[in-house]
Every structure is written in C-alpha cells, then in structure tokens.
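Overview (structure and organization)
Single-letter residue listing:
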Amino acid sequence: MRYEEAIEKLNSASPEELSEKIEKLKNRGDMQEETEAFLLDETVGMLFSASKEIKAPELYRVVRNDGKPLFDHEKTLFEESPLFGEEYIRFSYDPIIPFVEGKIAEGETVSLMTYRKAVEENPLALLLEGFPEDSNVFDILEKDGLEKNGKENYLKIAEFIKSELLKDEKDGKFIRKIKNLLEGEELCTALYYSNDGADYVAMKKDIVDIYYICTSVIVCRLDWMENKGEMVEVTPLSHSVGAVVPGKKIEYNEFGEVGTFTFEMDDYR
C-alpha cells in the first residue's frame, strides 16, 4: 500500500474493530479462505512496506546430519526454509539460536555453517514485524501525518504479526500471506524479523552468494545448553577445508583434540 494511503487508513481505523478482526485471525482455525483474505487485508493490508539494510558481518545456520559429514552441497547450503518457502534460506545473527529454535538435543550431531559478508553492499530486507514502539521512525511518521490513533493501530497490527512469527508451531502458509501483503507488487529478495534479542534474516537462494560466502562448515556435537540458550557448548568433530564453493564437493578434516567450543549469547547482543 502507498505510504500516504496507509497513514490515512491507520488514522481512521477503529481500534475496537481492528482488535476484533485481529482476534478472529488469531483464532482462524478452519476459517474460509475468502474470510481470512478479507480480514488480512483489513489489518495487515493497512501497513506500508518498510525495509532495513542487513549489515551483519556473519550469519549462521545449523543443519542436522545424523553424525555424518555433509557432502551434498544442495542439502547443506540450500535446504529450504519451511517458514517462507523453498526459495528462501533462513539465517540467524548468532550461532546459538539455530540450536535453540531447531530443538537440537544434547548429544545430537549437526553441521554449523558460518557465512561471512563478501561485499560492502548490503542486501535490503523487508521488515516483517514493523517498527518497535520506541523507534525514531515514528517521529518522521508523525511529521507525515500519523496520529496517536494511527500509531496505536500500527503497533497493534505489528504485534499480531510478531506473535505469528514467534509461535512454537508456526503457520508457514499464513506467514507467507502476511509477507505477500507487506511486499505488494515489489517482490523482496530478503526478509527480516527478531525475537527476544535474536535477529533472523531469510534470503532468496539466488542472492545469498552475492552478499555472503559460506566460509566454514563445522560438524559438531551439542554437549549442553544452559538457560534456554544463553550458553551453548559443542564438541567439534570435523571441519570443511576452506570456503565452500557452490557445485564443489565439501572436503573435511578432523579437528583432533581441540576440546569444546562455548558460545555465549552476551557476546552477540
């Protein structure tokens, strides 16, 4: 939706009616497609698109591999993201969250992948969850006509979107509908959202290697996790030799006796 039109709709929308529509969407169950589409348009459809630059110097992923090194490049690097569809790959800004969100069990063996920035240019990502209440952006929006009622309605819709993104059992199909409404006719090559201090970005497969290079794949065993992921300790078993090149088999060397690696969330906040 156009920026000016979105501000006008946010300003004029009834907070009570908006809350009712959001509540219906939250409890959509077997709601008919037409009704769901109407309610989405009446809520999420009122927002204007917002983007941010992805400046993270490193991004991380974890893939289960049953204790065996992954030599299949397509599976290792281009496993589909069920949340946004098979054309996207989802990353975390830190190496801990993939263990937590993936519900990796102690003793399980996985491959931890590190992607480092390859160019100075930053990809632009669609901001799925909207701006937080304390964002300086609202100063600009208010100058452009956003009223108190409009801001409250904006935050209400943004909170609804965030609640869908943070569910333990996420509804990928529904989230993709939200994404489609937010991006409109201009398709986005990257998506962004956050959760409790952790940042996520999903990028289309065909642009990942433009901005980032997979510099290492570490096959490791999760030894333990503390305080719901505040600290994670792993034992590295083997590592890729050099950067991972698309289409080329990944070669591994054993780590030998190097002890354990400990990742602490405080180092990434």
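As a reminder, the structure under discussion sits directly above these lines.
A brief structural summary.

Moving on: the nonpolar core. Of all hydrophobic cores here, the largest spans 81 residues; its most connected members are Phe84, Phe99, Tyr115, Tyr154, Ile157 and Met203. With residues up to four places along the chain from it excluded, the contact list for Phe99 reads Val62, Ile104, Val110, Leu112, Cys220, Leu222, Met225, Val232 and Val234.

What follows deals with helix α8 (residues 172-183). With 12 residues, α8 extends 16 Å from end C-alpha to end C-alpha; this agrees with the ideal 16 Å at 1.5 Å per step. Regarding α8, the residues found buried are Gly172, Phe174, Ile175, Ile178, Lys179, Leu182 and Glu183. On the buried face of α8, the contacting elements are α2 (15-26), α3 (33-42), β3 (88-92), β5 (124-127), α7 (148-165) and β6 (190-195). Directly after α8, the chain includes Gly184, whose backbone phi takes a positive value near 60 degrees.

Once that is clear, we can look at empty space enclosed by the protein. Enumeration over the complete set of coordinates arrives at one cavity of 30 Å³ or more. Each pocket or cavity is described by its volume, and for the largest cavity that value is around 50 Å³. Forming the boundary of the largest cavity are Leu47, Phe48, Ser49, Ala50, Leu127, Leu128, Gly130, Tyr154, Ile161 and Leu182. When the residues that make up the lining of the largest cavity are grouped by side-chain class, the tally is eight nonpolar, two polar and no charged.

With that settled, the discussion passes to the environment of Arg28. Here Arg28 is to be found in the loop between α2 and α3. The spacing of Arg28 and Pro246 is 218 residues in sequence and 42 Å in space, taken between C-alpha atoms. If we ignore the near neighbours within four places in the chain, the residues touching Arg28 are Glu36, Glu164, Lys167, Asp171 and Phe174.

Taking a probe equal in size to a water molecule and rolling it over the atoms shows the remaining empty space. Counted as a void, the largest pocket has a volume near 1,000 Å³. Lining the largest pocket are 35 residues, and of these Arg90, Ile97, Val100, Glu101 and Gly102 sit closest to its centre. Where the lining of the largest pocket is concerned, the elements lending two or more residues are β2 (58-64), β3, α5 (97-101), β6 and β7 (198-204). The element that contributes the greatest number of residues to the lining of the largest pocket is β2, accounting for five residues.

Evaluated as defined, the whole model comprises zero disulfides. In this structure Cys220 is not part of a disulfide, and its nearest cysteine sulfur, from Cys214, lies 13 Å away.

The next point concerns the pattern of salt bridges. Inspection of every chain in the model, using the stated rule, returns 15 salt bridges. Residue Arg116 is joined to Glu58 by a salt bridge in which the shortest nitrogen-to-oxygen separation is 2.6 Å. Within this pair, whereas Arg116 is found in strand β4 (residues 109-117), its partner Glu58 is found in strand β2, the two being separated by 58 residues in sequence. You can call Glu58 partly exposed: its relative accessible area is 21%. For Lys179, the salt bridge is made with Glu183, and the minimal N-O distance between the two is 3.0 Å. Of this pair, Lys179 and Glu183 both sit in helix α8, separated by four residues, roughly a single helical turn. Exposure class is identical for Lys179 and Glu183. Each is buried.

This paragraph deals with the packing of α2 against α7. Here α2 crosses α7 at 5 degrees, and the two axes come no closer than 11 Å. Our classification of the angle between α2 and α7 gives roughly parallel. Where α2 approaches α7, its residues Pro15, Leu18, Ser19, Ile22, Leu25 and Lys26 are matched on the opposing element by Asn149, Asn153, Lys156, Ile157, Phe160 and Ser163. Among the residues forming the contact of α2 with α7, the class breakdown is six nonpolar, four polar and two charged.

Topologically, Glu120 is positioned in the loop between β4 and β5. Judged by relative accessible area, which is 80%, Glu120 ranks as exposed. Here the alpha-carbon distance between Glu120 and Asp139, two residues 19 residues apart in the chain, equals 30 Å.

Reading the values: the criteria
- Every chain begins its residue count from 1, and numbering advances along the sequence as written.
- Residue-level local features of this predicted model are given only where pLDDT is at least 70; pairs of side-chain atoms are given and counted only at 80 or more, and the full residue set underlies all totals for whole chains, interfaces and linings.
- The basis for every side-chain value is the complete set of heavy atoms in the structure, and neither hydrogens nor water enter the calculation.
- Throughout this description, the term nonpolar core refers to a set of buried Ala, Val, Leu, Ile, Met, Phe, Trp, Tyr and Cys residues connected via side-chain atoms within 4.5 Å.
- Only protein chains enter the accessibility calculation, which uses a 1.4 Å probe. A residue is then buried if its area is under 20% of the maximum for its type, exposed if over 50%, and partly exposed in between.
- Here, two residues are considered to be in contact whenever any of their heavy atoms come within 4.5 Å of each other.
- What counts as a helix is a DSSP run of H or I of at least four residues, what counts as a strand is a run of E of at least two, and both are numbered from the N terminus.
- The span one expects for a helix is its residue count, reduced by one, times 1.5 Å.
- Cavities and pockets were defined on a 1 Å grid built over protein atoms only: a cavity is a set of grid points that admits a 1.4 Å probe from which the probe cannot escape, a pocket is an open set flanked by protein on both sides within 12 Å along at least five of seven lines, and lining residues are those with an atom within 4 Å of any such point.
- Grid points are joined across faces, edges and corners, and a volume is the space filled by probe spheres set on the points.
- Charged residues are taken to be Asp, Glu, Lys and Arg, nonpolar residues to be Ala, Val, Leu, Ile, Met, Phe, Trp, Tyr, Cys and Pro, and polar residues to be all remaining types, Gly included.
- Two cysteine sulfurs form a disulfide in these notes if their separation is within 2.5 Å.
- For this document, the term salt bridge refers to a Lys or Arg side-chain nitrogen within 4 Å of an Asp or Glu carboxyl oxygen.
- Helix axes are fitted to C-alpha atoms over the stretch in contact, other axes to C-alpha atoms as well, and angles between N-to-C directions run from 0 to 180 degrees.
- Should an angle fall under 35 degrees it is called roughly parallel, over 145 degrees roughly antiparallel, and 65 to 115 degrees roughly perpendicular, with every other angle called oblique.

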